[in-house]
Each structure stands twice: as structure tokens, then as C-alpha cells.
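If you want the building blocks of each chain, they are given just below.
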Amino acid sequence: MARQLSQEFAACSDQQLLDCMNGMDTPVTSCAAGADALVSANLIGGWRRCCCCCEGPTGATGATGATGATGDTGATGGTGATGATGGTGATGGTGATGGTGATGATGATGGTGATGVTGATGGTGATGATGATGATGATGATGATGASGSAALIYAVGPQTVAPGAAVAFNQIPQPVPLPASIAFSAPSSILLGQAGVYTVQYYAQPENSNITLALFLNGTEVPGSRYSSISSASAFYGQGIVVVGTVPSLLTLVNVDPASNANFDDASLPNTVSVSVLVTKLA
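Presented here is a report on the structure given in the accompanying data block. Residue positions are given per chain, counted from 1 along the sequence in the order it is written. For a predicted model such as this one, the threshold for reporting local features is a pLDDT of at least 70, and the threshold for listing and counting side-chain atom pairs is 80 or more; totals across whole chains, interfaces and linings nevertheless cover every residue. The basis for every side-chain value is the complete set of heavy atoms in the structure, and neither hydrogens nor water enter the calculation.

On a plain count of helices and strands, the protein comes out with 1 helix and 14 strands. Here the protein holds 284 residues, and the buried ones make up 27% of them. We call two residues in contact whenever any of their non-hydrogen atoms come within 4.5 Å of each other. Here the analysis covers contacts within the protein between residues at least 6 apart in sequence; of these, 63% occur between residues at least 24 apart. Numbered from the N terminus, helices here are DSSP runs of H or I no shorter than four residues, and strands are runs of E no shorter than two. To sort residues, take the accessible area from a 1.4 Å probe on protein chains only and compare it with the maximum for the residue type: under 20% means buried, over 50% means exposed, and anything in between is partly exposed.

Right under this line is the structure:
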């Protein structure tokens, strides 16, 4: 689109010219009072003339008019959306304690608790006064008769010489006849103890012109407390010991324990006089 301008519309704005060219303003042949210029625009198909008014300087502000009457109150608007929750305020001070409420009903009894640790034993109390003597009770039934004790005498007559470490020999029939079940004899020197238990053993010897030392042996081991020595070659002497039998049968012997000297026995040349003997008694 061609555009031609004249002195009449030199003060018009580009927008006013475009409005005239685009047919957005009413074409005229002359401008009314108040128009600043006449616009002539060369449009396709002919010229177009429009009025152009330019804005003059702003006049002084007029006096404020009287306040109009208050209009009617408008309708209440819809409720706005709920605002976000504000932050938690500071905790208020503790209020005064309220009065004590009525006592509630008694609750059910709880289960029994675990047993506590036993406390320390208290001190022993003072001994009470001795009570009166009670009446004598009835005599109890007689107990069963205990087992009879058993004993045996094993002995020899006539002279005898026993080497160091050797057992004394016995040449007579042991008494009583028969021997008790717990005691037996095996010639010439062995006394057999056939029942477990405790035995007391006593022995006698008549030395001949020398001191002698004897001891009892059980299963080859010397019986503690059974070693004795004569203090005179002319006097008889005695020894004894306690024998505890656990293993049966056990072998008991009377031994010359002098390491260097023979043990000599004598019957003083009197017929049937005992020169050496052993008395065995079962206690339990």
C-alpha cells in the first residue's frame, strides 16, 4: 500500500494514519473544529481522507466534585479458601492444681510377684527356759540279737629259728575246732581272713637268748602300729594290731623284721609250752 502525506497531517501519529488507511476511521472531506489535521492516505483503489486530532497539553486539575451518594451494599462474596495452619503458639503456664477427685473403685488384685532374694540370717535368739521333763515313754521292743563274734588261736610249741624277713611257722592245730567261717589257716605260716571287716590281732613270743622284733603283715604289707621288740632275751613279750580287710580272702602273717638277726623262740624245754602264738578276733 502506497502512502502519501501532506502538510495538513504532519502532526498525526503513525497509528492514526494506519487507522485511516485500514478503514478504521470515517473518511471526511474536511475536519470539524478541534481536529488538528486532515489526513490523506493513498489506498488501493483511491485516496482516503480522515480527520486527525492530536492531544494538546494537560489542563489544570478541576475542583473535586461533591461525594456521590453511597451505593447499595453489594452481595456477600463467597467464602475464601481456608488459609494455611499457623505455627504452634508457645506453651501456656501450668494451671493451678485441681481439687482431688473421688477415690476410684479398687482394681483387681495383680498377679503374685517373683519371690525376693532371701535375706540374711538373723542372729540366734536367746536360749529359752528348759521345759518340764516329759513323762517316760514306753519301753521299746527288744532289738534283734547281733551276730556272734569270731576268734581263732594259731600257735606253735617247741624251739624255732626264723631268718630275717621270714614268717613265723605254727605247728599246732588252731583253736577252736572247727575254726569260725571268717578265719582259716594254711600251714605253716598263713592265716586266711575270709570276710571283710575289722579284726584285732594279738601275738605272743618267748625269745631264746636274744632280742627279737616282730610285725604283722597283711597281703605282704606291714600293718601300721603292729611292730614290737623284746627288751630282754629272758622275758616273753606281746604285740598287737588292728587289721581292716576289704578284699577277701586276705593273707595275714607274723614276720621277723630284724634286718640282720634271726628270731629264736624257746619253750623252756617244758612239754606243750607255747613258744609263739597269734590270737585273731573279728570285731565287725
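So that's the structure; there's more coming.
The subject of this paragraph is the sheet that holds strand 3 (residues 150–157). The antiparallel open sheet is built from 4 strands, whose spatial order is 3-14-7-11. Only two strands of the sheet have a single partner each, and these edge strands are strand 3 and strand 11 (237–245). The sheet shows a mean angle of 15° between the axes of neighbouring strands, direction not considered. Relative to strand 11, strand 7 (residues 197–205) is paired through 9 bridges, and the arrangement is antiparallel. Considered in strand 11, the bridge of Y204 is made with Y238. At least two DSSP bridges between two strands are needed for those strands to be called paired. Whenever a helix is involved, its axis is fitted only over the stretch in contact; in every case the axis is a line through C-alpha atoms, and angles between N-to-C directions fall within 0 to 180 degrees.

Moving on to the pairing of strand 12 (residues 250–256). By the criterion of burial, strand 12 is predominantly enclosed, with 6 of the 7 residues buried. Looking at chain direction, strand 6 (residues 190–193) and strand 12 are connected through 3 bridges and run antiparallel. Paired with L193 across the bridge in strand 12 is S250. Pairing of strand 8 (residues 213–218) with strand 12, which is carried by 5 bridges, proceeds in the antiparallel orientation. The residue of strand 12 that forms the bridge with F217 is T253.

Before going further, it helps to spend a moment on the packing of aromatic side chains. Planes of paired rings set the category: under 30 degrees apart is stacked, over 60 is edge-to-face and the rest tilted, where pairs are Phe, Tyr or Trp rings (Trp by its six-membered ring) whose centres lie within 6.5 Å. For the structure on display, the rule yields 4 aromatic pairs. With a centroid separation of 6.3 Å and an interplanar angle of 75°, the aromatic rings of F170 and F185 are classed as edge-to-face. Pair noted here: F170 is in the loop between strand 4 (160–162) and strand 5 (183–186) and F185 is in strand 5, with a separation of 15 residues, a long-range link. For F185, a relative accessible area of 22% corresponds to the partly exposed category. Seen from their ring centres, Y204 and Y238 are 5.4 Å apart, and the 45° between their planes marks the pair as tilted. Separated by 34 residues along the polypeptide, Y204 in strand 7 and Y238 in strand 11 bring together distant segments of the chain. The buried category is assigned to Y204, whose relative accessible area is 17%. Given a relative accessible area of 59%, Y238 falls into the exposed group. Clustering of aromatic rings is evident, with ring pairs tying together Y203, Y228 and F237. Distance and angle both matter: a charge sits over a ring if NZ of Lys or CZ of Arg is within 6 Å of the ring centre and within 35 degrees of the ring normal. Positioned above the aromatic ring of Y199 is the side chain of K282, whose terminal nitrogen or guanidinium carbon lies 5.8 Å from the ring centre.

Purely geometric numbers; function is a separate question.
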